[in-house]
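Analysis of the macromolecular model
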Amino acid sequence: MRKEDCYFLGKITRRHGLAGNVILKLDTDQPELYNKLESIFVEINGLLVPFFIEKSSWSKLDALNIAFKNSSEAMVDQVLGKSVYLPLSTLPKLSGKQFYYHEIIGYNILDENNNDCGVIRSVNDQTAQNYFILGFEGREIVIPLIKDWILEVNREERFIKMQLPEGLMDVFLVPSKKDE
């Protein structure tokens, strides 16, 4: 399994109990989708290694207590602190104005008048306000990801149409006037 064909699910944070169980802290808005996992891929030395799950239960709202099949102390030591992935094919298909961040990389952002605002290079979801990072005419543009601003997501033509506040693009494109 290649990392490009997967999405980040979470991280194995610690041991749980003495029976070889671990805690998987999920990085998702919908943890309930992952209550019946059969297997996961753990990144070890840059490779995704499959681990099969014997049983799991909720430790907290966003953390699973996992028992691996054929678990050993060495296996548990190997996975502690490691990132966990699942194949992209396991994600439910989204429609309408919903999207996964990984699927829109390379999409164009258009304003309500169909003016090109740039191509999505990445999405920052590590801050309180998520935002698109665009490339446009050799510059980096930052657009807050606000649901009410999204007018249309066109998967066939790979663009997102947004109603942007007046002057937002100017902040990045118009040279500032120096104080005299």
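Residues numbered from 1 in each chain as written. Predicted model: local features only at pLDDT ≥ 70, side-chain atom pairs only at ≥ 80, totals over all residues. Heavy atoms only, no water.

**Focus: the sheet that holds strand β6 (residues 83-87)**
- Within the closed barrel, the six strands sit side by side as β1-β2-β5-β4-β3-β6. Their pairing is antiparallel. Geometrically, the sheet is characterised by an average inter-axis angle of 45° between neighbouring strands, direction not taken into account.
- Strand direction decides the pairing type here: strand β2 (residues 21-26) and strand β5 (residues 63-68), joined by four bridges, are antiparallel. Residue pairing across strands places V22 opposite I66, the latter belonging to β5. (Pairing = 2+ DSSP bridges. Helix = DSSP H or I, 4+ residues; strand = E, 2+ residues; numbered from the N terminus. Axes fitted to C-alpha atoms, helices over the stretch in contact; angles between N-to-C directions.)

**Quick notes on the UniProt feature "domain: RimM N-terminal" (unreviewed entry) in the protein chain**
- Here the UniProt feature "domain: RimM N-terminal" (unreviewed entry) sits at residues 9-59.
- Annotated as residues 9-59, this span is 0% helix and 65% strand, and its ends, taken at the C-alpha atoms, are 16 Å apart. (UniProt positions renumbered as here; feature names shortened; annotations may be inferred.)

**Considering the packing of aromatic side chains**
- Summed over all chains, the structure comprises four aromatic pairs.
- For the ring pair F51 and F68, a centre distance of 5.2 Å and an interplane angle of 45° mean the geometry is tilted. Remark: F68 occurs in strand β5 and F51 occurs in strand β4 (residues 47-60); sequence separation between them is 17 residues.
- The structure contains a cluster of three or more aromatic residues connected by ring pairs, namely F99, Y101 and F132. (Phe/Tyr/Trp six-rings, centres within 6.5 Å; stacked < 30°, edge-to-face > 60°.)

**Here's the deal with the confidence of the model for the protein chain**
- Here the protein chain averages 90 in pLDDT, while 98% of its residues score no lower than 70.
- Here helix α1 (residues 73-79) stands out as the least confident element of the protein chain, with mean pLDDT 87; strand β12 (residues 159-162) is the most confident, with 97. (pLDDT = per-residue confidence, 0-100.)

**Re unusual backbone geometry**
- In this structure, N114 takes a positive phi of about 65° despite not being glycine.
- Inspection of the secondary structure puts N114 in the loop between β7 (108-111) and β8 (116-124).
- With relative accessibility at 47%, the residue N114 sits in the partly exposed group.
- For R158, which is not a glycine, the phi torsion comes out positive at approximately 60°. (Buried < 20%, exposed > 50% of the residue type's maximum accessible area, 1.4 Å probe, protein only.)

**As for the sheet that holds β12**
- Here six strands make up an open sheet; going across it, the order is β10-β9-β8-β7-β12-β11 and the pairing mixed. Across the chains shown, the open sheet's two edge strands, defined by having one partner strand only, are β10 (139-144) and β11 (150-154). In this sheet, neighbouring strand axes are inclined to one another by 35° on average, regardless of whether the strands run parallel or antiparallel.
- Across four bridges, the pairing between β11 and β12 is antiparallel. In the strand pairing of β12, E152 is matched with K161.

**Notes on the domain arrangement of the protein chain**
- Each assigned domain of the protein chain is listed with its residue range as follows: domain 1 (3-89) and domain 2 (107-173).
- The distance between the C-alpha centroids of domain 1 and domain 2 comes to 34 Å. (Domains from an automatic or database assignment.)

**Some remarks on the nonpolar core**
- The biggest cluster of nonpolar side chains holds 23 residues, and the ones touching the most others in it are L24, L37, I40 and F68.
- Those elements giving two or more residues to this core turn out to be β1 (6-16), β2, β3 (39-44), β4, β5, α1 and β6.
- With residues near it in sequence (within four places) discarded, L37 still touches L9, L24, I53, L64 and L86.
- Counting 21 residues, the second largest nonpolar core, distinct from the first, contains Y107, I109, L134 and V153. (Core = buried A, V, L, I, M, F, W, Y, C linked by side-chain atoms within 4.5 Å. Contact = heavy atoms within 4.5 Å.)

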